[in-house]
Amino acid sequence: MSDAPLLTTDQMASFVARGFLRFDAVIPDDINQQALEELPRLFRTWLDEFRGVTGGAAPTDIDTNDEYQLPRSGTVLHRAYAPDSAFGRMVRVPTIAGAIASLVGADPVVDHHFVHIKVAGDLHAQGLHCDAIIDQGPAFDIQLFWFPHDVAPREGGTRMVPGSHLRRVNMDDVSRYQHLAGEQYFAGDAGTVLIFHQGLWHAGAPNHGTRDRVMGKLRLNPMQPQVRLWDTSDLDARNRADDHMFARMEPGLVASELRRSEPWFEPSNTRLETVQRSTLWRYLTGDPEFDVDWYLTRTERRAGLVAK
Amino acid sequence: MLWLASPTLDSRVLGWSFFDGTSGAGPQPQADPPYGTGVEALVDGWRMLQMSPLIPPVPGHERETSFLKHEFVFERLVELD
């Protein structure tokens, strides 16, 4: 995967600010077609596993088809899926491999995958949620959302809320939010992959269409510090800590992306979101003095005065 | 329910939800969002039941963000045939 193109600083800054990246029609059609064969079978394999275990059967009693075996959590990605399988081919597409390497390193491990099938005519709107539980610290997992067929508007494309990934909430405690300004419902071409920060709020959406919507989701854990893993050739020139919206402000600096607001942000929280993003950017760059609009710097300096 | 940009009722609507006690027989929201501010909902006949209290941040967590802060709950009673 060494020829995989790494993410740019702009893409990384956008991921930190908004919590996702989008790669339209990046997966070739033959792999998408393979996915439409394999993903529903992977879903049924999980269903058998789940029913078997919850029904009291020992795991060894489960009739598992080796061809569609589920990887165990913690398996290194490049060993988790056969290279000629749909998931195995998808993660080896250079653009995707490069994005994975940039965000979670070259050898992340598989947390789990899941195949989400939104049946045609299923009008249930899942409650907004983030996956797993409430997480701490700046290190993060990524989740790949792979749509192997065209998804038209209102045909079950995932609902998502840009900029929600750094809010500390647990699972579906945000499910009462039915409509938020600036939220998106995925629609796009076959082979589109979205890569989410683990904390991004999302939900399954009603499918008003006439075909089942299939989506493969893959969660990956980093196994190395996520520091400067992308193409950082232009980083140093754009990483100033003294860019300030009420003083000197330059377009093109990382700060200009990290202070981006979202339509659903309260003005007071927008500044706190900037602080959260700056903290995450410090982790990703290994630069403990990075800042946007001086929020961290001024308080850290004052704290230093008190300590003296 | 409305989530507003600030603690004041005349600030902008950032998000909304509608829980229909008439199972579709009563009036439905006509726009997204149905009102531009909380005050507009009052003008249209909704009664405010609750607003988020202003709670000081938890020490040590002053800079964390979580739920939308400014939540307002309204109800309206309608007669059905």
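When helices and strands are tallied, chain B shows 1 helix and 4 strands. Element order for chain B, N to C, with α for helix and β for strand: β-β-α-β-β. Dimensions of chain B, computed from the C-alpha atoms along their principal axes, are close to 55 × 20 × 20 Å. Considering chain B as a whole, with its 81 residues, one finds that 17% of them fall into the buried category. If you take every contact in chain B between residues at least 6 apart in sequence, the share linking residues at least 24 apart comes to 64%.

Right, let's get into the sheet that holds strand β3 (residues 109-118) of chain A. Residues and elements named next belong to chain A. Taken in spatial order, the 6 strands make up an open sheet running β1-β8-β4-β10-β3-β2, and their pairing is antiparallel. Looking at which strands have only one partner, the edges of the open sheet turn out to be β1 (20-23) and β2 (75-76). Here 4 bridges tie β1 to strand β8 (residues 192-197), and the two strands are oriented antiparallel to one another. Note that in β8 the partner of Arg-22 across the bridge is Leu-194.

On the side of chain A, 19 residues touch chain B, which itself brings 18 residues to the contact. When its residues are assigned to classes, the side of chain B that touches chain A shows 8 nonpolar, 6 polar and 4 charged. Note: strand β6 (residues 179-180) of chain A against strand β2 (residues 13-16) of chain B, 2 bridges, orientation antiparallel. Bridge pairing in β2 of chain B links Leu-180 of chain A to Gly-15 of chain B.

Turning next to the nonpolar core. All names here are of chain A. In terms of nonpolar packing, the biggest core is built from 78 residues, with Val-16, Ile-100, Trp-146 and Ile-195 touching the most fellow members. No other element matches helix α5 (residues 94-104), which puts 7 residues into this core. When residues of this core are assigned to domains, at least three fall in each of domain 1 (9-221) and domain 2 (236-307). With near-sequence residues (within four places) excluded, Val-16 lies in contact with Leu-258, Arg-277, Leu-280, Trp-281 and Leu-284.

Now for the sheet that holds strand β7 (residues 184-185) of chain A. Residue and element names in this part refer to chain A. Pairing is antiparallel in the open sheet, where 3 strands are placed in the order β7-β5-β9. Only two strands of the sheet have a single partner each, and these edge strands are β7 and β9 (202-203). Across 2 bridges, the pairing between strand β5 (residues 159-160) and β9 is antiparallel. Residue pairing for β9: Met-160 is matched across the bridge by His-202.

Glancing now at the confidence of the model for chain A. Chain-level pLDDT for chain A is 93 on average; 94% of the residues reach the 70-or-more range. The model gives residues 59-64 of chain A a pLDDT under 50, and that stretch makes 8 contacts with residues more than four places away or in other chains.

A few words on unusual backbone geometry. Cis geometry marks the peptide bond from Asp-32 of chain B to Pro-33 of chain B; its omega dihedral reads 0 degrees. Although it is not a glycine, Arg-154 of chain A sits at a positive phi angle of roughly 70 degrees. Residues other than glycine seldom take positive phi values, yet Trp-294 of chain A does so here, at roughly 75 degrees. Among the structural elements, Trp-294 of chain A can be located in the loop between α7 (267-285) and α8 (295-307). On the neighbour-count criterion, Trp-294 of chain A (17 C-beta atoms within 10 Å) is partly exposed.

Procedures and definitions
Residues numbered from 1 in each chain as written. Chains lettered and ligands numbered in written order. Predicted model: local features only at pLDDT ≥ 70, side-chain atom pairs only at ≥ 80, totals over all residues. Helix = DSSP H or I, 4+ residues; strand = E, 2+ residues; numbered from the N terminus. Buried ≥ 20, exposed ≤ 12 C-beta atoms within 10 Å, placed from the backbone. Contact = placed C-beta atoms within 7 Å. Pairing = 2+ DSSP bridges. Nonpolar A, V, L, I, M, F, W, Y, C, P; charged D, E, K, R; others polar. Core = buried A, V, L, I, M, F, W, Y, C linked by C-beta atoms within 7 Å. Domains from an automatic or database assignment. pLDDT = per-residue confidence, 0-100.

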